[in-house]
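Structural overview for review
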Amino acid sequence: MSDGMSEDSADVVGVLTERIEARFDMGMDQLKAAVAAAPTANPDATDVVKWHGLLVEAQSVLERAEDDLLAALQTQPSEVDDPTMGLAHRVNAAVTARDGRAMVVRWLLDPNAPGKKDRAAERLARLRPHTGPAAQTSAPNRPAGSTAPATAWRSARAVR
């Protein structure tokens with residue numbers, strides 16, 4: 001691979017975590033805290049933290065699937081039964097999910113990645129959600145003892 005990772009890297013998450021920390025010049029916990037405090041301040045950091053979390057989750061699923069498969073294989077005679085083969089397929093699916101998420105993280109970290117500097121990327125950047133006040137989704141709190149106007153009550157009644 002051209003990004004410095006080998007295909008058989010045993011610690012994909014560790015390697016990518018180091019690259020994230022180097023890119024943003026802070027530890028992963030600090031970066032997560034910064035993104036949580038101000039998620040719209042740096043959209044690139046927000047995206048990387050989100051996908052890193054998905055990558056960590058996928059790695060955990062993969063490790064559990066591998067453990068389950070190994071346990072099943074230790075109890076098998078010379079031929080593998082269908083349930084154990086199902087576990088093997090689960091491991092393959094988990095590897096695919098983990099590798100896909102790792103590819104996204106690598107793409108997010110590469111400023112020269114294909115699709116980041118062309119017209120389509122500029123259009124996508126313009127479509128990114130704008131920051132601003134969130135729309136209120138619940139009724140405002142009323143002081144104790146106050147009541148809603150009668151017109152509000154009438155308009156909230158079910159009409160038949």
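Reading guide: rules and limits
- Residues numbered from 1 in each chain as written.
- Predicted model: local features only at pLDDT ≥ 70, side-chain atom pairs only at ≥ 80, totals over all residues.
- Heavy atoms only, no water.
- Helix = DSSP H or I, 4+ residues; strand = E, 2+ residues; numbered from the N terminus.
- Buried < 20%, exposed > 50% of the residue type's maximum accessible area, 1.4 Å probe, protein only.
- Contact = heavy atoms within 4.5 Å.
- Areas by Shrake-Rupley, 256 points an atom, 1.4 Å probe, with all protein chains shown as cover.
- Patch = residues over 30% accessible without salt bridge, like charges linked within 9 Å, V, L, I, M, F, W, Y side chains within 5 Å.
- Salt bridge = Lys/Arg side-chain N within 4 Å of Asp/Glu carboxyl O.
- Phe/Tyr/Trp six-rings, centres within 6.5 Å; stacked < 30°, edge-to-face > 60°.
- Lys NZ or Arg CZ within 6 Å of the ring centre and 35° of its normal.

Digging into the overall build of the protein chain
A count of helical and extended segments in the protein chain gives 6 helices and 0 strands. The order of helices and strands in the protein chain, counted from the N terminus, is α-α-α-α-α-α. Looking at the protein chain residue by residue over its 160 residues, the buried ones come to 22%. Put simply, 55% of the contacts in the protein chain that link residues at least 6 apart link residues at least 24 apart. Counting only carbon and sulfur atoms, one obtains 55% of the accessible surface of the protein chain, whose full area is about 11,700 Å².

Quick look at a nonpolar patch on the surface
Taken together, Leu70, Leu73, Val80 and Met85 make up a surface patch of nonpolar side chains, about 350 Å² in accessible area. Assignment of secondary structure puts Leu70 in helix H3 (residues 43-74).

Some thoughts on the side chain of Thr17
Inspection of the secondary structure assignment puts Thr17 in helix H1 (residues 12-24). Setting aside chain neighbours within four positions, we find Thr17 in contact with Met28 and His52.

Things to note about the packing of aromatic side chains
Per the counting criterion, the structure on display carries 0 aromatic pairs. Geometry around Trp107 places Lys116 over its ring, the cationic atom sitting 4.5 Å from the centre.

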